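Structural overview for review
Each chain is listed here by its residues.
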Amino acid sequence: MISLRYHVVSVTAVFLALAVGVVLGSTAISGRLLSGLTDDNSELGREVAALRADRVALDARLAEADRFAGAVGPSAVREQLADRTVVLVTTADAAPGDRDALVELLRAAGADVTGEVQLTESFADPDKADQLLNMVARLQPAGTQLPTGADPGTRAGALLGSVLLIGGDGRPRATEAESAAALGGLAGAGFVRQKAPVRPAQLAVVLTGGAASGNSAGDRAAVVARFASQLDRSGAGAVLAGDRGSADGTGAVGVVRADTAATSVLSTVDHLDTAAGRVVTVLALREQLEGGAGRYGVAGNAEGAAPGIPD
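What comes next concerns the included structure. Just so it is clear, the model here is predicted, and its values are computed rather than measured. (Residues numbered from 1 in each chain as written. Predicted model: local features only at pLDDT ≥ 70, side-chain atom pairs only at ≥ 80, totals over all residues. Heavy atoms only, no water.)

**With respect to the overall build of the protein chain**
Keep this limit in mind: Under the scheme used here, helices are H or I runs from DSSP no shorter than 4 residues and strands are E runs no shorter than 2 residues, and both carry numbers assigned from the N terminus. Classification of residues uses two cut-offs on accessible area relative to the type maximum, computed with a 1.4 Å probe and protein chains only: under 20% is buried, over 50% is exposed, and between them is partly exposed. Whether two residues are in contact is decided by their heavy atoms, any of which lying within 4.5 Å being enough. Residue-level accessible areas treat just the shown protein chains as cover; the underlying method is Shrake-Rupley with a 1.4 Å probe.
Assigned secondary structure in the protein chain consists of nine helices and nine strands. Looking at the 311 residues of the protein chain, the share that counts as buried comes to 41%. Considering only residue pairs separated by 6 or more positions, the protein chain has 73% of its internal contacts joining residues 24 or more positions apart. Roughly 16300 Å² of accessible area belongs to the protein chain as shown, and the carbon and sulfur atoms make up 55% of that amount.

As structure tokens, then:
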């Protein structure tokens, strides 16, 4: 007869054996698992190191290519804009270094840079859209016609186009007094900055930064995009050029490229922060003079590297 004590001891022995088996089994499994993880970690480490080396090599090649583009740029654009006038419009996030380098290249191309107007952050602020619309209506030069029922970017583009660009007849669209009043009014309201007097020009370049971020990023990019598109319709041509990221969905270049009507008239460049991008901007201005337009750069929505060079 099995006593209660014998029964308790048997059950305890069974559970003890199970516990020992679990410990021994888990130890063996853990060892194999840790060994496998260690091997995987080592392999990943080697892959990361290889990718870093590839990136360093690629960055070096890009830097060398950019130095080459900077060296040959003035020769590549020589006389492309001879006896032509160009006005610059910059957004608040446009890099001063990009602007200065582009101005130098425009002059190497024979262009006369007539001045610069900077759009402030308030210009593209959706919360100040009604204020901008009211200012544009008040500052409209006599004899000019602005788009009715349009968004702030389009109407502001028409206004500044009438004072910054020369008409098809080769004459300014507004008098000096009207131009001064329009630019002074926008500056007084905090929408633009003007460092020095600006003369009307045949062509315009709108310089912007990368992708907009934060609240209403897409709306702010759209204001700049529509402004540039309307500005293009006021003169002999215009180019919207931005830095890396400008061709994204919240970048002004990206907004233009998503609009078939805009891309049919306005040229865009998405790598202004490189020497090659600045050369392409000058060549795109030349193409505008000849009635062409294109999407140039390195982003996925570009159609080619430069005018005449398809993907």
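**Topic: the layout of surface pockets**
The condition is simple: A pocket here means an open set of points on a 1 Å grid, computed over the protein atoms alone, that has protein on both sides within 12 Å along at least five of seven lines. A cavity is instead a set of points where a 1.4 Å probe fits but cannot get out; residues with an atom within 4 Å of a point line either one. Grid points are joined across faces, edges and corners, and a volume is the space filled by probe spheres set on the points. The nonpolar class holds Ala, Val, Leu, Ile, Met, Phe, Trp, Tyr, Cys and Pro. Asp, Glu, Lys and Arg form the charged class, and all remaining residues, Gly among them, are polar.
By volume, the second largest pocket amounts to about 340 Å³. Taken together, 19 residues form the lining of the second largest pocket, with Asp93, Glu121, Ala124, Arg220 and Val224 sitting closest to its centre. Top contributing element to the lining of the second largest pocket by residue count: helix α6 (residues 217–232), with three residues. For the lining of the second largest pocket, the class distribution of residues is nine nonpolar, six polar and four charged.

**Details of the packing of helix α3 (residues 129–139) against helix α5 (residues 176–188)**
Put simply, the rule is: All axes are obtained by fitting lines to C-alpha atoms, using only the stretch in contact for helices, and the reported angles, taken between N-to-C directions, cover 0 to 180 degrees. Angles below 35 degrees are treated as roughly parallel, those above 145 as roughly antiparallel, those between 65 and 115 as roughly perpendicular, and all remaining angles as oblique. For a crossing to be left-handed, the near helix must be turned anticlockwise from the far one by less than a right angle; the clockwise case is right-handed.
It is the contact of α3 with α5, at a shortest axis distance of 10 Å, that shows an interaxial angle of 160°. Our classification of the angle between α3 and α5 gives roughly antiparallel. Between α3 and α5 lies a crossing of right-handed hand. Contacts from Leu132, Met135 and Leu139 of α3 reach α5 at Ala181, Ala182, Gly185 and Leu186.

**Side note on the side chain of Ser246**
The line we're drawing: Between N or O atoms, a polar contact is any pair within 3.5 Å; within protein, one atom must be a potential hydrogen donor and the other a potential acceptor, and residues adjacent in sequence are included only when both atoms are from side chains.
Relative to the elements of secondary structure, Ser246 occurs in the loop between β5 (237–241) and α7 (252–257). For Ser246, a relative accessible area of 0% gives the class buried. At 2.7 Å, the side chain of Ser246 and the backbone oxygen of Asp243 are in polar contact. Each residue touching Ser246, except ones within four places of it in the same chain, is listed here: Gly209, Gly210, Ala211, Gly251, Ala252, Val253, Gly254, Val269 and Asp270.

**Focus: the packing of aromatic side chains**
For clarity, the threshold we go by: Within 6.5 Å between ring centres, the rings of Phe, Tyr and Trp (the latter by its six-membered ring) count as paired, and their orientation is classed by plane angle as stacked under 30 degrees, edge-to-face over 60, tilted in between.
For the structure shown, the criterion picks out one aromatic pair. Taking 5.4 Å as the distance between ring centres and 80° as the angle between the ring planes, the aromatic pair formed by Phe123 and Phe227 counts as edge-to-face. Placement of Phe123 in the loop between β2 (112–119) and α3 and of Phe227 in helix α6 is noted, with a sequence separation of 104 residues between them. Accessibility assignment for this pair places Phe123 and Phe227 in one class, buried.

**Here's the deal with the nonpolar core**
Our working rule: Grouping buried Ala, Val, Leu, Ile, Met, Phe, Trp, Tyr and Cys residues that are joined through side-chain atoms within 4.5 Å yields what is termed a nonpolar core.
Among the nonpolar cores identified, the biggest contains 42 residues, and Phe123, Leu160, Leu164, Leu186, Phe227 and Leu240 are the most heavily contacted of them. In this view, Phe227 contacts Val89, Leu119, Phe123, Gly153, Thr154, Ala156, Gly157, Leu160 and Val206; residues no more than four positions away in its chain are not counted. With 26 residues, the next largest nonpolar core counts Leu106, Ala109, Leu285 and Tyr296 among its residues.

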